[in-house]
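Spelled out, the chains give:
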Amino acid sequence: MHQPDFTLTAGPISASPRTLAALGSPIVFDYDPVFLERFAALERKVAALYAGTKSDIVLMQGEAVLGLEATARSLVRPGMTCLNLASGVYGKWFGRWLAEYGADLVELEVPYDEAVDPAAVERVFRERPEIELVSVVHSETPSGTVNPIHEICPIAKRHGALTIVDCVSSLGGTEVRPDDWGLDVCIAGPQKCLSGPPGMSLVAVSDDAWAAIRANPAAPRGSFLSLLDWKETWIEGGRTQFPYTPSVAEVHGVSAACDDVLEEGLPAVIERHDRAAAACRAGIRAMGLEPWAKSDEIATNCVTAVRKPDGAEIAGILRHARERYGVMLSAGYGELKPKLLRIGHMGVASRSLNVVVGLSALGRTLADFGVPVRTGDGVEAALEVLSAGAGVGSVA
Ligand SMILES: *Cc1c(COP(=O)(O)O)cnc(C)c1O
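Residues numbered from 1 in each chain as written. Predicted model: local features only at pLDDT ≥ 70, side-chain atom pairs only at ≥ 80, totals over all residues. Heavy atoms only, no water.

1. Things to note about the pattern of salt bridges
Phase 1 of the analysis: Here the structure, examined in full by the defined rule, presents 30 salt bridges.
Phase 2 of the analysis: A salt bridge links Asp260 to Arg18; the shortest N-O distance between them is 2.9 Å. Of the two residues, Asp260 sits in helix H10 (residues 248-264) while Arg18 sits in helix H1 (residues 17-23), which places them 242 residues apart along the sequence.
Phase 3 of the analysis: For Asp260, a relative accessible area of 25% puts it in the partly exposed group.
Phase 4 of the analysis: Look at Arg18 and you get partly exposed, because its relative accessible area is 33%.
Phase 5 of the analysis: In this structure, the salt-bridge partner of Glu313 is Lys308, at a minimum N-O distance of 4.0 Å.
Phase 6 of the analysis: Taken together, the shared-partner salt bridges in this structure form one network comprising Arg214, Arg221, Glu232 and Glu236. (Salt bridge = Lys/Arg side-chain N within 4 Å of Asp/Glu carboxyl O. Helix = DSSP H or I, 4+ residues; strand = E, 2+ residues; numbered from the N terminus. Buried < 20%, exposed > 50% of the residue type's maximum accessible area, 1.4 Å probe, protein only.)

2. Remarks on the packing of helix H12 (residues 314-325) against helix H13 (residues 354-368)
Phase 1 of the analysis: In the contact formed by H12 and H13, the axes pass within 9 Å of each other and the chain directions differ by 110 degrees. Looking at the two axes, H12 sits roughly perpendicular to H13. Taking contact as the criterion, the partners of Ile317, His320, Ala321 and Tyr325 in H12 are, on H13, Ala361, Leu362, Arg364, Thr365, Leu366 and Asp368.
Phase 2 of the analysis: Taken together, the residues of the contact of H12 with H13 sort by class into 6 nonpolar, 2 polar and 2 charged. (Axes fitted to C-alpha atoms, helices over the stretch in contact; angles between N-to-C directions. Parallel < 35°, antiparallel > 145°, perpendicular 65-115°, else oblique. Contact = heavy atoms within 4.5 Å. Nonpolar A, V, L, I, M, F, W, Y, C, P; charged D, E, K, R; others polar.)

3. Considerations on the environment of Asp30
Phase 1 of the analysis: With respect to the element layout, Asp30 can be found in the loop between H1 and helix H2 (33-49).
Phase 2 of the analysis: Asp30 sits 66 residues away from Arg96 along the chain, and the two C-alpha atoms are 36 Å apart.
Phase 3 of the analysis: Aside from chain neighbours lying at most four places away, what touches Asp30 is Phe35, Leu36, Phe242, Thr245 and Pro246.

4. Side note on the domain arrangement of the protein chain
Phase 1 of the analysis: In terms of domains, the protein chain is made up of domain 1 (6-12 + 266-388) and domain 2 (17-262).
Phase 2 of the analysis: Both faces combined, the contact of domain 1 with domain 2 buries some 2,200 Å², and carbon together with sulfur accounts for 63% of it.
Phase 3 of the analysis: On the domain 1 side of the interface with domain 2, the three residues burying the most area are Leu266, Ile298 and Tyr333, jointly 26% of the side's total.
Phase 4 of the analysis: Residue Asp113 is joined to Arg307 by a salt bridge in which the shortest nitrogen-to-oxygen separation is 3.1 Å.
Phase 5 of the analysis: Counting across the interface, domain 1 meets domain 2 through 11 residue pairs in polar contact (both at pLDDT 80 or more).
Phase 6 of the analysis: Sorting the residues of the side of domain 1 that touches domain 2 by element identifies helix H11 (266-287), strand S11 (303-307) and strand S14 (340-344) as the ones contributing at least two each.
Phase 7 of the analysis: When the residues that make up the side of domain 1 that touches domain 2 are grouped by side-chain class, the tally is 17 nonpolar, 5 polar and 5 charged. (Domains from an automatic or database assignment. Buried area = accessible area lost by both parts, 1.4 Å probe. Polar contact = N/O pair within 3.5 Å; in protein donor to acceptor, adjacent residues only side chain to side chain.)

5. A closer look at the pairing of strand S3 (residues 81-86)
Phase 1 of the analysis: Taken across its 6 residues, S3 has 6 buried, putting it largely inside the fold.
Phase 2 of the analysis: Residues of S3 alternate between two faces, with Thr81, Leu83 and Leu85 on one and Cys82, Asn84 and Ala86 on the opposite face, all of them buried.
Phase 3 of the analysis: Sheet analysis places S3 next to strand S4 (residues 104-109), joined by 6 bridges and oriented parallel. Of the residues in S4, the one forming a bridge with Leu85 is Leu108.
Phase 4 of the analysis: Handedness of the crossover joining S3 and S4 through helix H4 (residues 89-100): right-handed. (Pairing = 2+ DSSP bridges. Right-handed = clockwise from strand over helix to strand, strands pointing away.)

Written as structure tokens, this is what we have:
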């Protein structure tokens, strides 16, 4: 089988030619001064993506789950009261880590087609003022929804709690402002809106979070899961000593992916994601299908989740779109697997007419299964949104 012609998934997705070329750069010795500078430069690029945060950037050398798990391990003390906000599969998963490391877990869970209401967070704090830590997922990729972290996290800070934010699929596609919104630890991945390779955790750690980690006897040291090792060895050691050998090729690839975004300009990249998502939702509705998210206000801009129509099964739809049309789409994840389909429009997949390809592949596939859909109407509606404001001669 060949590779798909279009990878319009929930990540990993395709990389730019520049990122692919960078991944093929010579493998250098990690203590070569050239590599030390590249590593430090990548931290500065990631800080720029996090709205120029003053937090330390820790580039953990494994897929984003490493950064998420390391953060939970580092901050949770046995018996500490933690509030986990669960509006989807990843949020729920994070709560299990908190509990496993000994947290007294308070969970605010909402149906997975909704977002967390900041007023509900305020109410939980009034009932449980002893909460010391709040964890939340920014963009819930499996259900295509987004939580208002710019409202939720300031509430937590006002009540003296630390915040952990999973922004794996939002960084590079949506604003993430740790310093303005009181985000203590943010964890992102390069393989979503940045179109990078899936082998690194891009973690931003505030001074308050470092103080709490240092004060936590349960925080790992001398471990792949240790954030403190990076602080004490690399950052405080003047960026001359790594706790362990970094993934040299990934550093090159992720640097190029960040360069792509920073050179185009983060606001322009975010606008492109917004437009692709709006076009996709317009297309889905015009085809006669239904977005999964209850309202457009809570729809994430990196992926559009679509309720499964009657008359076809998810696995069959995905296989047919992939084999017949060369387009890779995503199913749901976890318990959402049989309920929805996803068209990804993150990173390079948010460019050009990729959304139209995704809608066409989904529409034709459903038609091939005998499901009534208006694919042409969907394509027209998506093109209408994509071309808004583009006069003759200025089509991007
Ligand atoms: C992709 C993603 C992760 C990382 O999980 P994987 O299943 O390893 O890709 C974590 N959180 C969110 C919100 C994600 O989108």
